[in-house]
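One letter stands for each residue in the lines below.
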Amino acid sequence: MNELPQQLVNGLLLGSMYGLVAIGYTMVYGIVQLINFAHGEIFMMGAFGALAVHLWVLPEDTSMWVALPLMLIGAILVASLVAVGAERFAYRPLRGGPRLAPLITAIGLSLALQQAVWAWFPEAKSARPFPQIEGGPFHIGSVTIQTGDIFLLCAAPISMAVLGYFVMKTRTGRGMQATAQDPDTAKLMGINTNRIIVVAFALGALFAAVGGVANGLKYGEIKYTMGFILGLKAFTAAVLGGIGNIYGAMIGGLVLGVAETLATAYIADVPGMDQFGSQSWASVWAFVLLILVLLLRPQGLLGERVADRA
């Protein structure tokens, strides 16, 4: 029990990263009812975009406190361009077609993006070192926070606050709400639904890019396959919170991160269960939680926010 505060903080940090990526899933699904399974690779592209800025744009002796904002801008630009390009050339031509077609396209796009990064960064087939922030770690009572986690601690709440303001207070945000509710009526009211969908993809990519940078800072390395498992967990978080609900996506991520961390930390202490508490079982417990929530509350923790368009 002495480790409980530390494990809770670890879970909240991990869940914040899941939540940042889950926002992209839930925004896109809420507006066009598309499960973009390539979103995990958008997260990965953001991390490699940040690394590319550090390697090829900035001088070698640049302090990370100076480099990090520029790396973040690079990550957002790369992830947003890829996401918007995917919407324009891969998903938009299939809009209105069979729902299976964009799903298969998303899986194919996911594999294509992985191979593109592998070709551009041949070293990425093994873990690629990610630059770290100097200083730390920091101690608050019995809790230790690594320097790389400071970025995530700041980025997650700021991102949610900015997103909440954008959706509720801006003209484009209200247009997103109207398009999610009824795209045909939104068109009749003069809303450019194609533009709204592009904005949704770009915003989702922005948060995924922030998550990608946070992942590199937290673990000190990135890899071209890193988006697959994390993308599945972020989708799980979106379903847990209620698909289409942006606040539910973050809450689902936090719940998933805490549950996964506590399971791997404490199940090993149960007699006869030590083999189920290893890190390799973390993903298993995440999906066990998903199954339980779907059985008890199929609409998710906060409920779906998707209009019935039948």
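Structure first, text after, so check above.
A quick note: this is a predicted structure, and the numbers were derived from the prediction, not measured. (Residues numbered from 1 in each chain as written. Predicted model: local features only at pLDDT ≥ 70, side-chain atom pairs only at ≥ 80, totals over all residues. Heavy atoms only, no water.)

**Digging into the overall build of the protein**
Inclusion rule: Segments assigned H or I by DSSP are reported as helices when at least four residues long, segments assigned E as strands when at least two residues long, and all are numbered from the N terminus. Radius of gyration means the value over C-alpha atoms here, while the globule rule gives 2.2 Å times the residue count to the 0.38 power. Think of it in three bands: residues with accessible area under 20% of the maximum for their type are buried, residues over 50% are exposed, and the middle band is partly exposed, with areas taken using a 1.4 Å probe on protein chains only. Contacts were defined at the residue level, with two residues in contact if any of their heavy atoms lie within 4.5 Å. Accessible surface area values rest on a Shrake-Rupley calculation with a 1.4 Å probe, where residue burial reflects the displayed protein chains alone. Charged residues are defined narrowly, with Lys and Arg counted positive, Asp and Glu counted negative, and His plus the chain ends left uncounted. A single reference atom marks each charge: NZ on Lys, CZ on Arg, CG on Asp, CD on Glu.
Along its length, the protein carries eleven helices and four strands. Here the C-alpha atoms of the protein give a radius of gyration of 19 Å, agreeing with the 19 Å that 2.2 N^0.38 yields for 310 residues. On the principal axes, the C-alpha backbone points of the protein span a range of 60 × 50 × 35 Å. The buried share of the protein, taken over its 310 residues, is 50%. For the protein, restricting intrachain contacts to residue pairs at least 6 apart in sequence, the fraction spanning at least 24 positions comes to 77%. Here the protein displays about 14700 Å² of accessible surface, and carbon together with sulfur accounts for 67% of that area. Within the protein, the 16 negative side-chain charges are centred at a point lying 14 Å from the centre of the 17 positive side-chain charges.

**Quick notes on helix α5 (residues 147-169)**
To be explicit about the condition: Helix span is expected to be 1.5 Å times the residue number reduced by one.
Taking 1.5 Å per residue, 23 residues should reach 33 Å; α5 reaches 34 Å between its end C-alpha atoms and fits that length. Regarding α5, the residues found buried are Thr147, Gly148, Asp149, Phe151, Leu152, Ala155, Ala156, Ser159, Met160, Leu163, Gly164 and Val167.

**Digging into a nonpolar patch on the surface**
Heads up, the rule is: Residues enter patches when they are more than 30% accessible in relative terms and free of salt bridges; like-charged ones are connected within 9 Å and nonpolar ones (Val, Leu, Ile, Met, Phe, Trp, Tyr) within 5 Å. We define a salt bridge as a contact between a side-chain nitrogen of Lys or Arg and a carboxyl oxygen of Asp or Glu at a distance within 4 Å.
A contiguous nonpolar patch, built from Met168, Tyr247, Ile251, Val255, Leu301 and Leu302 and spanning about 460 Å² of accessible area, is present on the exposed surface. Considering each element in turn, the nonpolar patch owes the most residues, three residues, to helix α10 (residues 246-266). The residue Val255 is located in helix α10 in this model.

**Focus on the side chain of Thr193**
If you trace the backbone, Thr193 turns up in helix α8 (residues 193-219). Overall, Thr193 belongs to the buried group, its relative accessible area being 7%. With residues near it in sequence (within four places) discarded, Thr193 still touches Thr179, Pro183, Ala186 and Lys187.

**What about the packing of aromatic side chains?**
For the record, the criterion: Pairing of aromatic rings covers Phe, Tyr and the six-membered ring of Trp, with a centre-to-centre limit of 6.5 Å; geometry is then stacked below 30 degrees between planes, edge-to-face above 60, and tilted otherwise. Here, a charge over a ring is recorded when the distance from Lys NZ or Arg CZ to the ring centre is within 6 Å and its angle to the ring normal is within 35 degrees.
Scanning all chains against the criterion turns up four aromatic pairs. Each ring, one from Trp56 and one from Trp120, has its centre 6.2 Å from the other, and the planes form 75 degrees; the classification is edge-to-face. Of this pair, Trp56 sits in helix α2 (residues 39-56) while Trp120 sits in helix α4 (residues 100-120), placing them 64 residues apart in sequence. Judged by its relative accessible area of 63%, Trp120 falls in the exposed class. The rings of Tyr25, Phe37 and Phe235 are connected pair by pair, giving a single aromatic cluster. Over the ring of Phe89 we find Arg88; its NZ or CZ atom is 5.6 Å from the centre of that ring.

**A word on the pattern of salt bridges**
Under the defined criterion, the tally for this structure stands at four salt bridges. Across the salt bridge formed by Lys218 and Asp149, the nearest N and O atoms sit 3.4 Å from each other. Remark: Asp149 occurs in helix α5 and Lys218 occurs in helix α8; sequence separation between them is 69 residues. Of the charged contacts in the structure, one is a salt bridge between Glu260 and Lys233, with a shortest N-O distance of 3.1 Å. With a gap of 27 residues between them, Glu260 in helix α10 and Lys233 in helix α9 (residues 226-241) connect regions that are remote in the sequence.

**Some points on the environment of Gly30**
Looking at the element boundaries, Gly30 is found in helix α1 (residues 4-32). Overall, the relative accessible area of 4% leaves Gly30 in the buried class. Along the chain, Gly30 and Leu51 lie 21 residues apart, while their C-alpha atoms are 31 Å from each other.

**Description of unusual backbone geometry**
The phi angle at Gln33 is positive, at roughly 55 degrees, despite the residue not being glycine. By secondary structure assignment, the location of Gln33 is in the loop between α1 and α2.

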